[in-house]
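Analysis of the macromolecular model
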2 protein chains.
Amino acid sequence: MSTPLTIALDAMGGDNAPRIVVKGANIARRRYPGVRFQMFGDERRIAPLLRRMPKLRNVISIEHTDQVVSNDAKPSQALRQGRDSSMRRAIEAVRAGTAAGVVSAGNTGALMAMAKVALRTLPRIDRPAMAAVFPSQRSECVMLDLGANVECDADNLIQFAVMGAEFARTVLGLDNPTVGLLNVGTEEVKGHEAVRQAAARLRERQGAFTFHGFVEGDDIAKGTVDVIVSDGFSGNIALKTIEGSVRLYTDFLRKAFKSSLAARLGYLLARRSLNKLRARVDPRRYNGAMFLGLNGIVVKSHGSTDAFGFANAIGVAVDMAANRFNEKIIVELDKTGGDVPPLQAEAAAS
Amino acid sequence: MSTPLTIALDAMGGDNAPRIVVKGANIARRRYPGVRFQMFGDERRIAPLLRRMPKLRNVISIEHTDQVVSNDAKPSQALRQGRDSSMRRAIEAVRAGTAAGVVSAGNTGALMAMAKVALRTLPRIDRPAMAAVFPSQRSECVMLDLGANVECDADNLIQFAVMGAEFARTVLGLDNPTVGLLNVGTEEVKGHEAVRQAAARLRERQGAFTFHGFVEGDDIAKGTVDVIVSDGFSGNIALKTIEGSVRLYTDFLRKAFKSSLAARLGYLLARRSLNKLRARVDPRRYNGAMFLGLNGIVVKSHGSTDAFGFANAIGVAVDMAANRFNEKIIVELDKTGGDVPPLQAEAAAS
């Protein structure tokens, strides 16, 4: 029998920690039999929550620490002062190899900074990126970066493309994923220097994915490509714009069903189908942004999610670990030279 | 009696021109009695369409031209070669003062370039911006820039804020509009140099609007502020992401109602309410992006819209002209010095 997969959990991160972390772990325990958890945080607050979860107690260990990274801590501050925090210690478990991945619902900037320092970036990757999976009219797509890198050059974008494609292959199981660069139009002349340069170089590239070209904001939901690459500024705005639009539509829909007696009756009849729809667009289902490009699996849960959402974030970490995403991406980066410059030299050599 | 308001129409712009332009004008004629139209384009194609619209014929004049700006023409090319195009001549009607505004569903880049050259920017405005009105959970908000300026500095963003606020006051009728800067977080340290600088200067500013601070992508739908200011890159991505998300949700909803007999019956009962909902999120209702910051009213219709959508774009131009938006914004810019630098000098002088 192989060693059981262990996931480190930052018990103190997020708006409703440690309650939703413990409850989320309990949901994940049922979903992923054989997975074990290492939970970092205030034992006095965690232990009482575990009292009524005997099965979770069997697969969990608690590592006590008093320190917590606050939500408004700057990354630099968290790095200096948070060495004994639940977040840092959970990350260190991944570095030490006692955990295969870490999940936190805490401060995003701090998590990224600590993960970068503790785990380092993969060879040939300059900057890690935040990625998440989105539902689309065709099936689903992965988008990155979602906010880790506010400014990106062409090299960063190309590295994101390689990582996103590898994620699509390894975790989503797509053979030859298509990759699109998020832009304000599909014509070659559109956009700023970084996207145009990245596109020019991706067009010439041979590899384990097909470069589709530029895509626009509506292509995310359309499912035009399997992987959408963006700088972290626009990617984050797109991510949150989707969340806001879905919430607005859901709100309008609820009001529509309350606006007349006939509509109320209609709702009752269609309820079962509508509940399925709600589950399909439920943001909790897509909770768990991955930090790609690190020597270790780091998943960021939405800070305000509930136990169900947190369990899904754990699921993302389990999937990545079980599929050996990081091992495979290192092989892929070795093969392509990471596509970092000079691509010209590489092309000349081949 | 005052002179009737005249709107110039580019009959040849858009995917289904000139048909939807003529039909759209006919819808607008019923909605805005007293408004006249000057239509630029191929008379041989326009005249037959007008045959069965005697009332429209009474309020329309046709200015014949063979030339059309194609959808894939570069702005520079359109400027050089399109002097006798339907688009350019419609814009020239605004410059000459025979029309109060122009509406086109044609090539966006060409329309912006021609409008800039022919009409010039307003005093103290460096670059025009594309703006549109969006539905929100609170009511509606205006967002700019939506794609005219891929890269923006702090000055541009501040000018957009002044123009957007004036639009909210003049056209949306809001007394002291709130303005937010689109960013990846609400904390002061978030985002790149341009947004941080613009925010710092807007925070110190006294004027006809209240600066709220940074907003995120989900604040568009929430209606957190009346005016959302963004660079054209992220703004365009947000705009199209909204379109895509609404279409995805509508598609999922349609499928949900078809998934069982009970759901189908439910749909029939709720249909009237759902149709109202559909109208509320209908992108055609929000068709018509305004180019703010020009000496003249220019409205861009979506290229693939239908007659109903085109009529709404005409409505935007009529509203702006009737409310004397440009006259008022000049007064406002005069008052504030447009907030263009040096703001420090201005502050010292006061």
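To keep things clear, this report deals only with the structure shown in the data block. These numbers come from a predicted model, not from an experiment. (Residues numbered from 1 in each chain as written. Chains lettered and ligands numbered in written order. Predicted model: local features only at pLDDT ≥ 70, side-chain atom pairs only at ≥ 80, totals over all residues.)

A closer look at the sheet that holds strand S3 (residues 60-64) of chain A
Residue and element names in this part refer to chain A. Read from one edge to the other, the open sheet built from 11 strands follows the order S3-S2-S1-S4-S11-S10-S5-S6-S9-S7-S8, with strand pairing classed as mixed. In the strand order of this sheet, the two ends are held by S3 and strand S8 (210-215), each with one partner. Each neighbouring strand pair of the sheet contributes to a mean axis angle of 25°, computed without reference to strand direction. Relative to the sheet, helix H7 (residues 154-170) contacts strand S5 (129-135), strand S6 (140-144), strand S7 (178-182), strand S9 (227-229) and strand S10 (289-292), its axis offset from that of S9 by approximately 160°. (Pairing = 2+ DSSP bridges. Helix = DSSP H or I, 4+ residues; strand = E, 2+ residues; numbered from the N terminus. Axes fitted to C-alpha atoms, helices over the stretch in contact; angles between N-to-C directions. Contact = placed C-beta atoms within 7 Å.)

A look at the nonpolar core
Counting 239 residues, the largest nonpolar core has Ala131(A) and Ala131(B) as its most contacted members. Not counting residues within four places of it along the chain, the set of residues in contact with Ala131(B) comprises Val142(B), Met143(B), Leu144(B), Leu146(B), Gly164(B), Phe167(B), Ala289(B), Met290(B) and Leu292(B). (Core = buried A, V, L, I, M, F, W, Y, C linked by C-beta atoms within 7 Å. Buried ≥ 20, exposed ≤ 12 C-beta atoms within 10 Å, placed from the backbone.)

Some details on the sheet that holds strand S1 (residues 6-10) of chain B
Residue and element names in this part refer to chain B. Ordered in space as S3-S2-S1-S4-S11-S10-S5-S6-S9-S7-S8, the 11 strands form an open sheet in which the pairing is mixed. For this open sheet the edge positions go to strand S3 (60-64) and strand S8 (210-215), each flanked by a neighbour on one side alone. Taken pair by pair, the neighbouring strands of this sheet meet at an average axis angle of 25°, ignoring direction. Across 3 bridges, strand S7 (residues 178-182) lies against strand S9 (residues 227-229) in parallel orientation. Paired with Gly-180 across the strands is Ile-228, a residue of S9. Along the sheet face, helix H6 (residues 108-119) touches strand S4 (101-104), strand S10 (289-292) and strand S11 (297-300) and points at about 175° away from the line of S11.

Some details on the relation of the copies chain A and chain B
Each of the two chain copies can be generated from the other by rotation about an axis followed by a shift along it. For the pair chain A and chain B, the best superposition has an RMSD of 0.0 Å and corresponds to a rotation of 180° with a translation of 0.0 Å parallel to the axis. The two molecules are tied by a two-fold rotation axis, judged by turn and shift. Measuring from the rotation axis to each C-alpha of chain A, the shortest distance belongs to Gly266(A), at 1.8 Å. (Least-squares fit on C-alpha atoms with pLDDT ≥ 70 in both.)

Notes on the packing of helix H10 (residues 232-258) of chain A against helix H11 (residues 261-281) of chain B
Following both chains from N to C, one finds H10(A) and H11(B) inclined at 150°, their axes separated by 9 Å at the closest point. By the angle between their axes, H10(A) is roughly antiparallel relative to H11(B). Read as a crossing pair, H10(A) and H11(B) show a hand that is right-handed. Here H10(A) contributes Tyr249(A), Phe252(A), Leu253(A), Ala256(A) and Phe257(A) to the contact with H11(B), which in turn contributes Ala270(B), Ser273(B), Leu274(B), Lys276(B), Leu277(B), Arg280(B) and Val281(B). Within the contact of H10(A) with H11(B), the residues separate by chemical class into 9 nonpolar, 1 polar and 2 charged. (Parallel < 35°, antiparallel > 145°, perpendicular 65-115°, else oblique. Left-handed = near helix turned anticlockwise from the far one by under 90°. Nonpolar A, V, L, I, M, F, W, Y, C, P; charged D, E, K, R; others polar.)

Some thoughts on the pairing of strand S2 (residues 36-41) of chain B
All names here are of chain B. Burial of S2 is extensive: 5 of the 6 residues sit out of reach of the surface. Pairing geometry for S1 and S2, over 5 bridges, is parallel. Across the sheet, the residue bridging to Ala-8 is Gln-38, located in S2. With respect to chirality, the unit in which S1 leads through helix H1 (residues 19-31) into the neighbouring parallel S2 is right-handed. Both S2 and S3 contribute to a ladder of 5 bridges, which runs parallel. In the sheet register, Phe-40 faces S3, and the bridge partner there is Glu-63. (Right-handed = clockwise from strand over helix to strand, strands pointing away.)

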